[in-house]
Amino acid sequence: MSEKVMKALPELKYVVRYGVGVDTVDLKAAAEYGIQVGNVPDYGMNEVADHALALLLMMLRKTDQMNRFTKTTGWDYTQSIPIRRFSEQTVGVVGLGRIGRNFAEKAAALGFRVIGYDPMVNQGERIGNAEAVSFEELLKQSDAVSLHCPADGNQNLFDMEAFRVMKDSAVIVNAARGGIINEEDLDRALKEKVIAGAALDCMKSEPMMTDSSIFENENLIVTPHMAWYSEEAAMELKRKAAEEAVRFAKGEAIHYPVNRIEGGRYYE
């Protein structure tokens, strides 16, 4: 939904994003043209948190690695060494919004110590099951990092500089948005063993081609941007997007506004 599209639709009053991210909507142009923008931010919270947790457990318990080894090479658990007890490890959550807090609760239930970083939260504050720390402390302390922050304002947040601060035994999971991790730097960090592994559900350019250099890494798990999906979540998304459109058409307040109105004007 670019300015070109909005300009060509002079009667357009409302755009509801079929999903969470609004990076495909020109919010500045929407404000200029007096267009309300909404989204559906809470339809798949459990699914995304569950998927991130599943990827995290696959990395820490090395199930993907050992599944491939056992079926192709032999029956030898020592190939998985070392694996550490969850209760002895720290998980860092980047972004303490709806999904980040959901993930933190589930990780804590498995025994992990959970810390979190969010620029909107003061250090030392407890948000649900996570203790808020600085970004640098999260990098230093975490045995695993899970990303649950928006792409806007966080492009290349994890680059080689950040990876070098992390433990060389640490793993990173991204079920948020592509681009938060610099994938060229991640490829290098995995090949040079700067960190131990990564699991990605989203990438900067999708779909990724199977001949991509980053796919050569054995310590990388990739799923095709499916963290949001369950049959129930898909139905909930359709219903909520339609309900929001109906509310706006009837002159009612929408539940999930992205831009704000002040003095009859829209702002980003």
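Residues numbered from 1 in each chain as written. Predicted model: local features only at pLDDT ≥ 70, side-chain atom pairs only at ≥ 80, totals over all residues. Heavy atoms only, no water.

Draft legend 1. Structural view of the pairing of strand 4 (residues 113-117). Both strand 3 (residues 90-94) and strand 4 contribute to a ladder of 5 bridges, which runs parallel. Bridging across to strand 4, Val-94 finds its partner in Tyr-117. Running through helix 5 (residues 98-109), the crossover from strand 3 to the neighbouring parallel element strand 4 is right-handed. (Pairing = 2+ DSSP bridges. Helix = DSSP H or I, 4+ residues; strand = E, 2+ residues; numbered from the N terminus. Right-handed = clockwise from strand over helix to strand, strands pointing away.)

Draft legend 2. Quick peek at the packing of aromatic side chains. Counted under the stated rule, the structure contains 7 aromatic pairs. Each ring, one from Trp-228 and one from Tyr-229, has its centre 5.6 Å from the other, and the planes form 75°; the classification is edge-to-face. Owing to a relative accessible area of 40%, Tyr-229 belongs among the partly exposed residues under this scheme. Members of the aromatic cluster, connected to one another through ring pairs, are Tyr-117, Phe-135, Phe-158 and Phe-163. (Phe/Tyr/Trp six-rings, centres within 6.5 Å; stacked < 30°, edge-to-face > 60°. Buried < 20%, exposed > 50% of the residue type's maximum accessible area, 1.4 Å probe, protein only.)

Draft legend 3. Geometry of the sheet that holds strand 6 (residues 130-132). Reading across from one edge, 5-6-4-3-7-8-9-10 is the order of the 8 strands in this open sheet, with mixed pairing throughout. Both outer strands of the open sheet, strand 5 (126-127) and strand 10 (220-222), are each paired with one neighbouring strand and no more. Pairing of strand 5 with strand 6 involves 2 bridges; the strand directions are antiparallel. Pairing of Ile-127 across the sheet is with Ala-130, part of strand 6. Sitting on the sheet, helix 8 (residues 183-191) is in contact with strand 8 (171-174), strand 9 (197-200) and strand 10, with an inclination near 140° to strand 9. (Contact = heavy atoms within 4.5 Å. Axes fitted to C-alpha atoms, helices over the stretch in contact; angles between N-to-C directions.)

Draft legend 4. Quick look at the layout of surface pockets. The calculated volume of the largest pocket comes to roughly 1,500 Å³. Around the largest pocket sit 50 residues that line it, and Val-20, Gly-21, Asn-39, Cys-149 and Pro-150 are the ones nearest its centre. Of all the secondary structure elements, the ones that give two or more residues to the lining of the largest pocket are helix 3 (45-61) and helix 5. Among the elements that line the lining of the largest pocket, the one with the most residues is helix 5, at 3 residues. Considering the residues around the second largest pocket, the lining is formed by 26 residues, among which Lys-62, Gln-65, Val-171, Ala-196 and Gly-197 are closest to the centre. For the lining of the second largest pocket, the residue count by class is 11 nonpolar, 6 polar and 9 charged. (1 Å grid on protein atoms, 1.4 Å probe; cavity = no way out; pocket = protein on both sides within 12 Å on 5 of 7 lines; lining within 4 Å. Points joined across faces, edges and corners; volume = space filled by probe spheres on them. Nonpolar A, V, L, I, M, F, W, Y, C, P; charged D, E, K, R; others polar.)

Draft legend 5. Spatial organisation of the state of the cysteines. Here the structure, examined in full by the defined rule, presents 0 disulfides. Take Cys-202: it sits in no disulfide, and the sulfur closest to it among the cysteines is that of Cys-149, at 9.7 Å. Classification of Cys-202 as buried rests on a relative accessible area of 2%. (Disulfide = S-S within 2.5 Å.)

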